[in-house]
Amino acid sequence: MTTLVRDQIFISYSHKDRQWLDKLLTMLKPLQRQGFIKIWSDTLIRPGTKWREEINQALMSAKIAVLLVTPDFLASDFIAKDELPPLLEAAEKEGLTVLWVAVSYSMYKVTEIGSYQALNNPAEPLDSLPPFRINQELVSIAEKIKEITSES
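Not measured: the values here are computed from a predicted model. (Residues numbered from 1 in each chain as written. Predicted model: local features only at pLDDT ≥ 70, side-chain atom pairs only at ≥ 80, totals over all residues. Heavy atoms only, no water.)

A.B. asks: Please explain the overall build of the protein as it appears in this structure.
C.D. replies: Along the protein, the regular secondary structure elements total 5 helices and 4 strands. Starting at the N terminus and walking to the C terminus, you meet the elements of the protein as β-α-β-α-β-α-α-β-α. Residues counted as buried form 42% of the 152 residues belonging to the protein. At a minimum sequence separation of 6, the contacts of the protein that also span at least 24 residues come to 69%. Carbon and sulfur atoms provide 52% of the accessible area of the protein, an area that totals close to 8700 Å². (Helix = DSSP H or I, 4+ residues; strand = E, 2+ residues; numbered from the N terminus. Buried < 20%, exposed > 50% of the residue type's maximum accessible area, 1.4 Å probe, protein only. Contact = heavy atoms within 4.5 Å. Areas by Shrake-Rupley, 256 points an atom, 1.4 Å probe, with all protein chains shown as cover.)

A.B. asks: Sorry if this is basic, but what is going on with the packing of aromatic side chains here?
C.D. replies: Both the distance between ring centres and the angle between the ring planes are used here to describe each pair of aromatic rings. The tally for this structure, following the rule as stated, stands at 1 aromatic pair. Pairing W100 with Y108 gives two aromatic rings, centres 4.6 Å apart and planes at 45°, and the pair type is tilted. As far as burial versus exposure is concerned, W100 and Y108 are alike and both buried. The side chain of K23 reaches across the aromatic face of W20, ending 5.5 Å from its centre. (Phe/Tyr/Trp six-rings, centres within 6.5 Å; stacked < 30°, edge-to-face > 60°. Lys NZ or Arg CZ within 6 Å of the ring centre and 35° of its normal.)

A.B. asks: Looking at this model, I keep getting lost on the pairing of strand β1 (residues 8-12). Mind explaining?
C.D. replies: Regular strands show a simple pattern: their side chains alternate between the two faces of the sheet. Of all 5 residues in β1, 5 are buried, a share of seventy percent or more. Side-chain alternation along β1 places Q8, F10 and S12 on one buried face and I9 and I11 on a second face that is also buried. The sheet contact formed by β1 and strand β2 (residues 39-40) spans 2 bridges and is parallel. Each bridged residue has a counterpart across the sheet, and for I9 the counterpart in β2 is I39. Handedness of the β-α-β unit built from β1, helix α1 (residues 18-33) and β2 comes out right-handed. (Pairing = 2+ DSSP bridges. Right-handed = clockwise from strand over helix to strand, strands pointing away.)

A.B. asks: When you look at the environment of A118 in this model, what are you seeing that I'm missing?
C.D. replies: With respect to the helices and strands, A118 occurs in the loop between β4 (97-102) and α5 (131-151). Given a relative accessible area of 12%, A118 falls into the buried group. The spatial distance from the C-alpha of A118 to the C-alpha of I141 is 9.7 Å, given a sequence separation of 23 residues.

A.B. asks: Hey, could you run me through the pattern of salt bridges in this one?
C.D. replies: Pairing between side chains of opposite charge can happen when the charged atoms of each approach one another. Applying the stated criterion across every chain yields a total of 3 salt bridges. Put simply, R18 and D22 hold a salt bridge, and the shortest N to O gap is 2.9 Å. Here R18 and its partner D22 are both found in helix α1, 4 residues apart, which amounts to about one turn of the helix. Using a relative accessible area of 34% as the deciding quantity, one classes D22 as partly exposed. K93 is paired through a salt bridge with E89; the nearest N and O atoms lie 3.3 Å apart. You can see K93 and its partner E89 sitting in helix α4 (residues 77-93), 4 residues apart, about one turn around the helix. (Salt bridge = Lys/Arg side-chain N within 4 Å of Asp/Glu carboxyl O.)

It is worth stressing that arrangement in space is one thing and function is another; only the former is reported here.
Structure below.
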């Protein structure tokens, strides 16, 4: 049995929030290109592959999980039952770092996510900010991810 190395950033999001994934990936692209970070999201799953196996392997390879938290994220049964449990267990037992971004106002406080420090201020989620502030906040989030990646 091969032991997987935890060396990538797993990004979890609701498909209804795809535009926020795209914005974050765009901001992280220079870090990825420079080799500072290795990112995985389900957008990397190719047609014809067994998507559930791909997700499970990515979950087992994650060193850092970035959660894009919105009401749709919290409402997703797939995220709640299939993605979050292995991530939270790895955080407890294997040192995976859980980071989350408050994209929208949500009920995060009543979930396990509420016990983790957010990358941005949940009282000012991304979708409540004017466009220029969104990019400022995304730069700050990307810088924090780079810093945390280089520490672990």
